[in-house]
Amino acid sequence: MRLRLPPPRHGALAEVSHAERPPPPDLRKLNFPLQNPKDRTNRALDHQGTAMLRQLIPVSALLTGSACLLFAGGINGLLLPIRGGAEGFTAFSLGLLGTGWAIGYVLGCLLTAGLVARVGHIRAFSALASLAGITILTTALIIDPWAWIILRGICGFCFAGAAMIVESWLADRSRPETRGRVFGIYTMVNLIASTAGQLMLTVGDPSGFALFAAAGIFYAMSLVPTSISTQSNPTPLVQVRLDLPGLWRTSPIAVFAVFFVGMSNASFGALAPVFAERIGLTLGTIAVFASIPVLAGAVAQLPVGVLSDRMDRRWVLIGVAITALLADAAFLFWRPESATANLWLAAALGGSIFAMYPVIVAHANDHAGEGAAIRVSGGLLLVFGLGSIVGPLAAGYGMTAFGNRSLFAVTSVSHMLIVAFALLRIRTSSPPVADKGSFVPTGSARMTTPQTATLSEELQTGA
């Protein structure tokens, strides 16, 4: 059966004028949802937040374990010089605590890769975190400076190894396109945890056992997330060696400067609490005096990094070193007595000394050959470690023999030598390379490992 359509109408009935047509409906009075630009923006942000959360879930156990480890380390690093000073230890012996840490840290960077290759990441991390907890509890039981120096060296070894393992896991568990954000969150978590650990001294008594026990508890807590994790072992760790002739051929200024930056940074990091206690600052102010330089250094890396990407990095290094030298001179000759003035100077000094290391590494990598950036960065880290061994030793001896402000005599000499050698190299060497890499901010160089160098290189190359 066929349906026949009626023929079209003709005439006046089919002609409807434009005026007689009904007006279009008012969309504002209808219930149809309209597209709001703000809604689109909010949905995009929600999508980004969800995506970031999915990226962090696989590494949440690592971040939690690392935070516990750094929190305990923050307590331990500030508690020992304060308690040691109260027990009558000399500044020289307290400086040797920093030297012992540096020796252990360098050995950890060199030997952890072999340990992990033999027993695996999870067992190695568990052993190192357990050993770190044992050292802090033993420190509370044996009040002797030479025992503390040895225990501090063991703790430095454990921290280097644990940091390398966590960073290896992070590199393996994060995708290349998200690795920069994950590594940035990791660095921020470590900074916050370490600072919070130092500030714990404001609510505890360094002369008692409670703070030692708290540090031991958090060392033990760092084991839990990784021990119960079902993640498999990642790729092997990076192995480094020290090739001084090769590093010098790549960048003489980087080798020279990073050694003296290691001296100044380690001297200040190890003995700043001792200096603050001896000039009469309260315990709470001492904790801030020790933590604010690291925070200032993290903030200062942003403008310093922008400048070093736009101009000759050697001039940026000179400018930052002169800023540090001015702060050194203020501590030496102005000798402020108020807590506020000392905190401002500590922030200025920290903002400069903790921003120099990434500038030096970036300059060296500009001159490194193809595929040599990781080797160069790892070698410079070991040179920094050698400077960190010498610095607290010299500053501690100076404070014992000539007075508390000798600490800043050691740092000022280091910074003057950096400025002088950099000016010499600018006058006698070739102009800076035109094709520079990007500046990569880092945490405190004392907590940087060869694995950190690998991650930084991957972020620069986009691997």
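Right above here is the structure, for reference.
About the thresholds
Residues numbered from 1 in each chain as written. Predicted model: local features only at pLDDT ≥ 70, side-chain atom pairs only at ≥ 80, totals over all residues. Heavy atoms only, no water. Core = buried A, V, L, I, M, F, W, Y, C linked by side-chain atoms within 4.5 Å. Buried < 20%, exposed > 50% of the residue type's maximum accessible area, 1.4 Å probe, protein only. Helix = DSSP H or I, 4+ residues; strand = E, 2+ residues; numbered from the N terminus. Salt bridge = Lys/Arg side-chain N within 4 Å of Asp/Glu carboxyl O. Contact = heavy atoms within 4.5 Å. Phe/Tyr/Trp six-rings, centres within 6.5 Å; stacked < 30°, edge-to-face > 60°. Axes fitted to C-alpha atoms, helices over the stretch in contact; angles between N-to-C directions. Parallel < 35°, antiparallel > 145°, perpendicular 65-115°, else oblique. Left-handed = near helix turned anticlockwise from the far one by under 90°. Nonpolar A, V, L, I, M, F, W, Y, C, P; charged D, E, K, R; others polar.

Colleague: Could you clarify how one ought to interpret the nonpolar core in this entry?
Modeller: If you look at soluble globular proteins, the nonpolar side chains tend to sit buried side by side. Counting residues in each nonpolar core, the largest one holds 115 residues, and the members touching the most others are Phe289 and Met356. If you tally residues by element for this core, the top one is helix H10 (residues 252-278), at 15 residues.

Colleague: Looking at this model, I keep getting lost on the pattern of salt bridges. Mind explaining?
Modeller: When charged atoms on two side chains of opposite charge get close, those side chains can pair. Taken as a whole, this structure holds four salt bridges when the rule is applied. A salt bridge links Glu87 to Arg83; the nearest nitrogen and oxygen atoms lie 2.9 Å apart. According to the relative accessible area criterion, Glu87 is partly exposed, its value standing at 38%. Between Asp309 and Arg313 there is a salt bridge, and its shortest N-O distance comes to 3.1 Å. Classification of Asp309 as partly exposed rests on a relative accessible area of 34%. Through salt bridges with shared partners, one network takes in Asp309, Arg313 and Asp366.

Colleague: Could you clarify how one ought to interpret the side chain of Ser414 in this entry?
Modeller: Mapping Ser414 onto the fold places it in helix H15 (residues 406-428). Residue class for Ser414 comes out buried when judged on its relative accessible area of 1%.

Colleague: Please explain the environment of Trp334 as it appears in this structure.
Modeller: With respect to the helices, strands and loops of the structure, Trp334 is situated in helix H12 (residues 313-334). Assessed through its relative accessible area of 55%, Trp334 is described here as exposed. Among residues more than four places away in sequence, those in contact with Trp334 are Ala329, Ala341 and Leu345.

Colleague: What exactly am I supposed to notice about the packing of aromatic side chains here?
Modeller: In this description, a pair of aromatic rings is defined by centroid distance and the angle of the planes. Under the defined criterion, the tally for this structure stands at 18 aromatic pairs. For the pair Phe256 and Phe260, a centre-to-centre distance of 4.9 Å together with 45° between the ring planes defines the contact as tilted. With Phe256 and Phe260 both in helix H10 and four residues apart, the pair spans about one turn of that helix. Each ring, one from Phe289 and one from Phe331, has its centre 6.3 Å from the other, and the planes form 80°; the classification is edge-to-face. Of this pair, Phe289 sits in helix H11 (residues 283-310) while Phe331 sits in helix H12, and the two are 42 residues apart along the sequence. Residue Phe289 shares its accessibility class with Phe331, and that shared class is buried. Ring-pair connections join several aromatic residues into one group, and the members of that group are Trp248, Phe256, Phe259, Phe260 and Phe421.

Colleague: What is the right way to look at the packing of helix H2 (residues 60-86) against helix H7 (residues 210-221) in this model?
Modeller: Direction vectors running N to C along H2 and H7 enclose 155°, while the axes themselves pass 8 Å from each other. Comparing their axes, H7 and H2 come out roughly antiparallel. Between H2 and H7 lies a crossing whose hand is left-handed. Taking contact as the criterion, the partners of Cys68, Leu69, Phe71, Ala72, Gly73, Ile75, Asn76, Leu79, Leu80 and Arg83 in H2 are, on H7, Leu211, Phe212, Ala214, Ala215, Phe218, Tyr219 and Met221. The residue inventory of the contact of H2 with H7, partitioned by class, reads 14 nonpolar, two polar and one charged.

Honestly, that's just the spatial picture; any functional story needs more than this.
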